[in-house]
Amino acid sequence: MDFSQVADPTSISSSPERRTGIVKDDVYLYHCMGDDHPECPERLQVLYSMLEDPDMAGRFQEVSARPASQEELQQVHSAQYVRDLEGTAGSAFTSLDSDTGTCAFSHEAALLAAGGLCRAVDLVGSGKLHNAFALIRPPGHHAEKSCAKGFCLYNNIAIAAKFAQNPLGLKRILIVDWDLHHGNGTQHCFDQDPTVLYFSVHQRRTFPGSGNFREAGKTSGKGYTVNLPLPEGCGEGEYLLLFERILKPIALEFSPEIVLVSAGFDIHFADPLGSMTLTPQGFAGLTRSIMEIAETCCEGKVVLTLEGGYNLEALRGSVKAVLLELAGVTKTDSARILATANLRKIRRVFRKAWRVHKRYWPSLAASLEPDMRRRRSSGEWLGDLWSETIAYLRT
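Residues numbered from 1 in each chain as written. Predicted model: local features only at pLDDT ≥ 70, side-chain atom pairs only at ≥ 80, totals over all residues. Heavy atoms only, no water.

**A closer look at the overall build of the protein**
Consideration 1: The secondary structure content of the protein amounts to 13 helices and 12 strands.
Consideration 2: Going through the 395 residues of the protein one by one, you find that 60% of them count as buried.
Consideration 3: Within the protein, residue pairs in contact and separated by at least 24 positions form 79% of the contacts whose partners lie at least 6 positions apart.
Consideration 4: Total accessible area on the protein stands at roughly 14700 Å², and carbon and sulfur atoms take up 48% of it. (Helix = DSSP H or I, 4+ residues; strand = E, 2+ residues; numbered from the N terminus. Buried < 20%, exposed > 50% of the residue type's maximum accessible area, 1.4 Å probe, protein only. Contact = heavy atoms within 4.5 Å. Areas by Shrake-Rupley, 256 points an atom, 1.4 Å probe, with all protein chains shown as cover.)

Structure, rendered in structure tokens:
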């Protein structure tokens, strides 16, 4: 089955195409953790091949990767951990945890992954590109300060966010993580930092076991971590409704100067590791919602980085849909996607998120409080929530 061929609620955009950058490098293909490992070089091979499709070739600006510096790495990771990873270079295989390892070329690939993402952030932050997608590996959002975890070596997006802070001087950074799994390493890096808003929507009761509603930040960072653990079986309608009614009001109040995205495609309905049901147009819809936040707050500055996604056909079609949305070739009809939402499936998510975050974000409290406090039937509450969301989209 061709998972990219799904009924597509997008239309060809009449607006000028955007300058969209893509980070790619053949060195990423050399990182290998074993013949049967799901995080395999073929993930990027299918994406790099897709970029040569007739409707894709010549449309994007290639961004050359560079190695991350020691200073950049140690903004996030301990010096000892960096030395330990450096020590794996040239070794045929080094096991780092139960599902993460390195080969002779892994450290070089990891340096270029973190540095390539920083270069994309630099180009978008300076206005030389409108937006960018780093098609890199190994992924990063599980990597902790002093250890590898969950297929991740260096925490690429955390390193890039620190780079955006210094030397770029950006004061407010939004990180959106839509991977199937919670980005524990990213959260831990910024959970005391009020200048970085971390928003994660992920499948509950799965690896790595973190990311519950009440993990909302610490000390001066309280309120700047927003976790939405979702039940199995959620699709693009549920995801987009949460983006529009929870992420968007909080993000607009925060007013980021750049938006970074941990883009995991393991929430696709065909992914072997997950239990969610998104399709390529769903990923385009999430991208459109994030682009709207960025257009309002920071002149459209968005940079995505590849995290999970382990069905090769699904990954190919979904990343293609995201790239076409970023480039302005398509413009997703959000209302059509929202009409598919199973509101009862995520009612508890709305209530939990409102109870935790209403004290931190007046915009969220004002948006959802009337619905949360009224004693009405489930059908009335859900119908009003959907109607208000459609009306909001039309303003």
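There's plenty left to go through after this.
**Side note on helix 9 (residues 312–326)**
Consideration 1: Here helix 9 is 15 residues long and its end C-alpha atoms lie 21 Å apart, about the 21 Å a rise of 1.5 Å per residue gives.
Consideration 2: Of all 15 residues in helix 9, 12 are buried, a share of seventy percent or more.
Consideration 3: Among all positions in helix 9, only Ala314, Leu315, Gly317, Ser318, Val319, Lys320, Ala321, Val322, Leu323, Leu324, Glu325 and Leu326 are buried.
Consideration 4: The opening residue of helix 9 is asparagine 311, an N-cap whose side-chain oxygen sits 3.2 Å from the backbone nitrogen of glutamate 313.
Consideration 5: In the stretch just after helix 9, glycine 328 is the one whose phi turns positive, near 80 degrees. (Expected span 1.5 Å × (residues − 1). Polar contact = N/O pair within 3.5 Å; in protein donor to acceptor, adjacent residues only side chain to side chain.)

**Some points on a positive patch on the surface**
Consideration 1: A contiguous patch of positive charge on the surface is contributed by Arg214, Lys222, Arg355 and Arg359.
Consideration 2: Among the structural elements, lysine 222 can be located in the loop between strand 8 (196–203) and strand 9 (225–230).
Consideration 3: On the basis of relative accessible area, lysine 222 is assigned to the partly exposed category, the value being 47%. (Patch = residues over 30% accessible without salt bridge, like charges linked within 9 Å, V, L, I, M, F, W, Y side chains within 5 Å. Salt bridge = Lys/Arg side-chain N within 4 Å of Asp/Glu carboxyl O. Lys, Arg positive; Asp, Glu negative; His and termini not counted. Charge placed at Lys NZ, Arg CZ, Asp CG, Glu CD.)

**What to know about the confidence of the model for the protein**
Consideration 1: Across the protein, the average pLDDT comes to 92, with 89% of residues at or above 70.
Consideration 2: Low pLDDT, under 50, characterises residues 1–15; the predicted model gives this stretch 35 contacts beyond four residues in sequence or across chains. (pLDDT = per-residue confidence, 0-100.)

**Re the sheet that holds strand 8**
Consideration 1: Taking strand neighbours across the sheet as the criterion, the 8 strands line up as 3-2-6-11-10-7-8-9 in an open arrangement whose pairing is parallel. Each having just a single partner strand, strand 3 (61–63) and strand 9 make up the two edges of the open sheet. For this sheet, the mean angle separating the axes of adjacent strands, direction not counted, is 15 degrees.
Consideration 2: Inspection of the sheet shows strand 2 (residues 20–23) paired to strand 3 by 3 bridges, in the parallel sense. Within strand 3, the position partnered with glycine 21 by the bridge is glutamine 61. (Pairing = 2+ DSSP bridges. Axes fitted to C-alpha atoms, helices over the stretch in contact; angles between N-to-C directions.)

**Quick look at the pattern of salt bridges**
Consideration 1: As enumerated under the stated definition, the model contains 12 salt bridges in all.
Consideration 2: We note a salt bridge from lysine 320 to aspartate 53, for which the minimum N-O separation is 3.1 Å. Separated by 267 residues along the polypeptide, lysine 320 in helix 9 and aspartate 53 in the loop between helix 1 (42–50) and strand 3 bring together distant segments of the chain.
Consideration 3: Residue classification places lysine 320 among the buried positions, given a relative accessible area of 17%.
Consideration 4: You can call aspartate 53 buried: its relative accessible area is 13%.
Consideration 5: The salt bridge partner of aspartate 55 is lysine 320, with a shortest N-O separation of 3.1 Å. With aspartate 55 in the loop between helix 1 and strand 3 and lysine 320 in helix 9, this pair connects stretches of sequence that are 265 residues apart.
Consideration 6: For aspartate 55, a relative accessible area of 34% translates into the label partly exposed.

**As for the packing of helix 8 (residues 280–298) against helix 9**
The description of two helices packed together rests on the angle between their axes and the distance between the axes.
Consideration 1: The contact between helix 8 and helix 9 brings their axes to 8 Å, and the two run at 35 degrees. The handedness of the crossing between helix 8 and helix 9 is right-handed. Every residue of helix 9 that contacts helix 8 at Pro280, Phe283, Ala284, Thr287, Arg288 and Met291 is listed here: Gly317, Ser318, Ala321, Val322, Glu325 and Leu326.
Consideration 2: Here the contact of helix 8 with helix 9 is built from residues that sort into 7 nonpolar, 3 polar and 2 charged. (Left-handed = near helix turned anticlockwise from the far one by under 90°. Nonpolar A, V, L, I, M, F, W, Y, C, P; charged D, E, K, R; others polar.)

**Looking at helix 3 (residues 79–86)**
Consideration 1: Burial in helix 3 covers these residues: Tyr81, Val82 and Leu85. The arc enclosing the buried residues of helix 3, seen along the axis, measures out at 100 degrees, which places them on a common side.
Consideration 2: Among the structural elements, helix 2 (70–73), strand 4 (94–97), strand 5 (100–102) and helix 4 (106–125) are those in contact with the buried residues of helix 3. (Arc of directions from axis to C-beta.)

**Describing the packing of helix 1 against helix 9**
Consideration 1: Running from N to C, helix 1 and helix 9 point in directions that differ by 45 degrees, and their axes come no closer than 9 Å. As the angle between them shows, helix 1 and helix 9 are arranged oblique. The chirality of how helix 1 crosses helix 9 is right-handed. Where helix 1 approaches helix 9, its residues Glu42, Arg43, Val46, Leu47, Ser49 and Met50 are matched on the opposing element by Leu312, Leu315, Arg316, Val319, Lys320 and Leu323.
Consideration 2: Grouping the amino acids of the contact of helix 1 with helix 9 by side-chain chemistry returns 7 nonpolar, 1 polar and 4 charged. (Parallel < 35°, antiparallel > 145°, perpendicular 65-115°, else oblique.)

**A word on the nonpolar core**
Consideration 1: Ranked by internal contacts, the top residues of the largest apolar core, which has 120 residues, are Phe133, Trp178 and Leu228.
Consideration 2: Counting residues per element, this core draws most heavily on helix 4, which supplies 12 residues.
Consideration 3: For leucine 228, the contacting residues outside a window of four places in its chain are Phe199, Ser200, Val201, His202, Phe213, Leu242, Ile246, Val349 and Ala353. (Core = buried A, V, L, I, M, F, W, Y, C linked by side-chain atoms within 4.5 Å.)

**Re the side chain of aspartate 193**
Consideration 1: Along the chain, the position of aspartate 193 falls in the loop between helix 6 (184–190) and strand 8.
Consideration 2: Lysine 162 provides the closest opposite charge to the buried, unpaired aspartate 193, separated from it by 4.8 Å.
Consideration 3: A polar atom in the side chain of aspartate 193 sits 3.1 Å from the side chain of glutamine 165.
Consideration 4: With near-sequence residues (within four places) excluded, aspartate 193 lies in contact with Gln165, Gly221 and Tyr224.

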